[in-house]
Amino acid sequence: MDFALSNEQQLIVDTVRGFVERELYPHEDEVERTGIVPKELGQDIKRKVIELGFFAPNLPEEVGGGGLSPLDFALLERELGRASMALTVFWGRPSGILMACNNDQRDKYLLPAARGDKFDALAMTEPSAGSDIRSMKCSAQQKNGDWILNGSKHFISHADIADFIIVFVATGEEDSPRGKRKTITCFLVDRDTPGFHIRPGYNSVSHRGYHNCILTFDDCRLPGGQILGEADRGLELANEWLFATRITVAAMAVGRARRAFDIALNYASQREQFGQTIGKFQGVSFQLADLVTEIDAADWLTLNAAWRLENELPCNREIASAKLFATEMLAKVTDAAIQIHGGMGLMDDLPLTRFWRDARVERIWEGTSEIQRHIISRDLLRPLGS
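In this text, all values refer to a predicted model and were calculated from it rather than measured experimentally. (Residues numbered from 1 in each chain as written. Predicted model: local features only at pLDDT ≥ 70, side-chain atom pairs only at ≥ 80, totals over all residues. Heavy atoms only, no water.)

Engineer: I would appreciate a short explanation of the overall build of the chain in the present structure.
Structural biologist: For the chain, the helix and strand inventory stands at 11 helices and 10 strands. Expected size for 386 residues packed as a compact globule is a radius of gyration near 21 Å; at 22 Å, the chain falls within 12% of this value. With the C-alpha coordinates of the chain rotated into their principal frame, the extents come out at 80 × 55 × 40 Å. Each of the 386 residues in the chain was classed as buried or not, and the buried ones make up 48%. Of the roughly 18500 Å² of accessible surface on the chain, 51% is carried by carbon and sulfur atoms. The average position of the 44 basic charges and that of the 55 acidic charges among the side chains of the chain differ by 4 Å. (Helix = DSSP H or I, 4+ residues; strand = E, 2+ residues; numbered from the N terminus. Rg over C-alpha atoms; globule rule 2.2 N^0.38 Å. Buried < 20%, exposed > 50% of the residue type's maximum accessible area, 1.4 Å probe, protein only. Areas by Shrake-Rupley, 256 points an atom, 1.4 Å probe, with all protein chains shown as cover. Lys, Arg positive; Asp, Glu negative; His and termini not counted. Charge placed at Lys NZ, Arg CZ, Asp CG, Glu CD.)

Quick look at the structure:
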């Protein structure tokens, strides 16, 4: 593995960071205050990203995407992690699972998503089904060639701006060594489909302006052509296309931690107490040393996981390790950055309290820290027959 960035990779980093600082940072305080991204602002961000040539960077070039490799995409997401997620969502990174679209679906969903004509959102979680996907109660029954969906989903990120939703629902049962278990099917659901409703979700302390939503299906009728992939094979589809989203969470955590650390470092080098800058006190300087070491470690864990994915090497454990370590590191860094600032760290004049609150959800979504530990330990023990 070459630890140096290529010229092209450095260009990605510089371009994205420049855009984030120039186009997104100035709007963060207003989004934090109101909890809303005005529609015209979101469209303006999307337009500028398209002009920059970076929209849908994760999709292959043959469908109109940027064609970035997993490693290059992780570098991009690391820089986007520095900014408010309510704003970076308009950068446009369609779900990779859309690559499973058939010919008709490509024209209706995949290609418009790659162009920026449509936004997608992904719906799995329910009140009774979080990490245990097969416990979902939202279901679909086949009737006269169509499928009738009933039930609800919650915690569905940015569904309020989505033109269609990628929805996973239970559609049957199959035998397993542990008895009967539900089979899952993935559907593409347009937001204006009769019987389908998108409602505002809960008021979260993390990522203000980046809304979670509640979806309800009341005898929502869908033709068979709305199935993504095959009926009853939704989890296989998810495992093929979605497990690497944990790299995105890890990469964004690293980017946000670097921004918080830079603020704390600059403050420690300028703030004077007892006749010297506080950075010269061992209690602060040692904190800074520990923090940057953990940030670097998380960075390399994340880039290594992306590199292994890119080179088609086993990487499930490595991705879980990156997600686990980076998100827990972010919590430490944001808390320490506030502590270094003292009382000023808690004031709205600085973004540190926002980083601190935003950090909390990272250890929960895309698989909790406990789930990541389970993945890691299972990978270690299974070869030993345990």
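Engineer: Help me understand the pattern of salt bridges, please; the structure alone is not making it clear to me.
Structural biologist: Once their charged atoms are close, side chains differing in charge can pair, the charge on each being opposite to the other. Scanning the model with the defined rule gives 32 salt bridges in all. Across the salt bridge formed by E79 and R82, the nearest N and O atoms sit 3.2 Å from each other. With respect to burial, E79 and R82 carry one shared label: buried. Salt-bridge contacts for R134 lead to E174; the nearest nitrogen and oxygen are separated by 3.9 Å. (Salt bridge = Lys/Arg side-chain N within 4 Å of Asp/Glu carboxyl O.)

Engineer: Can you help me understand helix α11 (residues 369-381) in this one?
Structural biologist: The periodicity of an α-helix, 3.6 residues per turn, causes residues three or four places apart in sequence to face the same way. In a regular helix each residue adds 1.5 Å, so 13 residues correspond to 18 Å; α11 covers 18 Å between its end C-alpha atoms and thus fits that length. The set of residues buried in α11 consists of S369, Q372, I375 and I376. For α11, the angular spread of the buried residues around the axis is 120°, confining them to a single face. The secondary structure elements touched by the buried residues of α11 are α7 (245-270) and α9 (316-341). (Expected span 1.5 Å × (residues − 1). Arc of directions from axis to C-beta. Contact = heavy atoms within 4.5 Å.)

Engineer: Can you help me understand the pairing of strand β3 (residues 146-157) in this one?
Structural biologist: Moving residue by residue along a regular strand, the side chains alternate between the two faces of the sheet. Note: strand β2 (residues 139-143) against β3, five bridges, orientation antiparallel. Across the sheet, the residue bridging to K143 is D146, located in β3. Between the end of β2 and the start of β3, which pair antiparallel, lie two residues, with N144 showing a positive phi angle near 55°. Across nine bridges, the pairing between β3 and strand β7 (residues 212-223) is antiparallel. Considered in β7, the bridge of D146 is made with P223. (Pairing = 2+ DSSP bridges.)

Engineer: Even after reading the chapter, I still don't get the environment of I133, so can you show me in this structure?
Structural biologist: Checked against the element boundaries, I133 lands in the loop between β1 (120-123) and β2. In this structure, the C-alpha to C-alpha distance between I133 and L235, residues 102 residues apart in sequence, is 8.7 Å. Once residues lying within four places of it in the same chain are set aside, the contact partners of I133 are M124, I184 and L235.

Engineer: Just checking my understanding: could you explain the nonpolar core for this structure?
Structural biologist: Across soluble globular proteins, nonpolar side chains have a tendency to be buried as a group. In this structure, L76, I166 and F168 are the most contacted members of the largest nonpolar core, which totals 52 residues. Secondary-structure elements contributing two or more residues to this core are α1 (7-34), α2 (39-52), α3 (70-80), α4 (85-88), α5 (103-115), β4 (164-176), β5 (179-190) and α6 (234-241). It is α1 that provides the largest number of residues to this core, a total of six residues. With sequence-adjacent residues up to four places away left out, I166 is seen in contact with S95, I97, L98, D120, A121, L122, A123, C186, F187, L188 and L228. (Core = buried A, V, L, I, M, F, W, Y, C linked by side-chain atoms within 4.5 Å.)

Engineer: How should I be thinking about the side chain of S95 in this particular structure?
Structural biologist: Along the polypeptide, S95 turns up in the loop between α4 and α5. Residue classification places S95 among the buried residues on the basis of a relative accessible area of 13%.

Engineer: I'm lost on unusual backbone geometry in this one. Help?
Structural biologist: Outside of glycine, negative phi angles account for most residues, and trans bonds account for most peptide bonds. One non-glycine residue, D219, lies in positive phi territory at about 50°. D219 sits in the exposed class, given a relative accessible area of 51%. One non-glycine residue, E366, lies in the positive phi region at around 55°. Position of E366 relative to the elements: it lies in the loop between α10 (352-362) and α11.

Engineer: Whenever I open this one, the packing of aromatic side chains confuses me. Can you help?
Structural biologist: What describes a pair of aromatic rings is the distance from one ring centre to the other and the angle between the planes of the rings. On inspection of all chains with the given rule, the structure shows 11 aromatic pairs. Ring geometry for F55 against F119: centres 6.3 Å apart, planes inclined by 65°, an arrangement best described as edge-to-face. Within this pair, whereas F55 is found in the loop between α2 and α3, its partner F119 is found in the loop between α5 and β1, the two being separated by 64 residues in sequence. An identical accessibility class is assigned to F55 and F119; each is buried. Measuring from ring centre to ring centre gives 5.8 Å for W147 and F187, while their planes differ by 65°; the resulting arrangement is edge-to-face. Pair noted here: W147 is in strand β3 and F187 is in strand β5, with a separation of 40 residues, a long-range link. Here W147 matches F187 in class, with each residue buried. Here a set of aromatic residues connected by ring pairs shows up, and it is made of F19, F54 and W91. The residue whose ring lies beneath R259 is Y25, and the NZ or CZ to ring-centre distance is 3.7 Å. (Phe/Tyr/Trp six-rings, centres within 6.5 Å; stacked < 30°, edge-to-face > 60°. Lys NZ or Arg CZ within 6 Å of the ring centre and 35° of its normal.)

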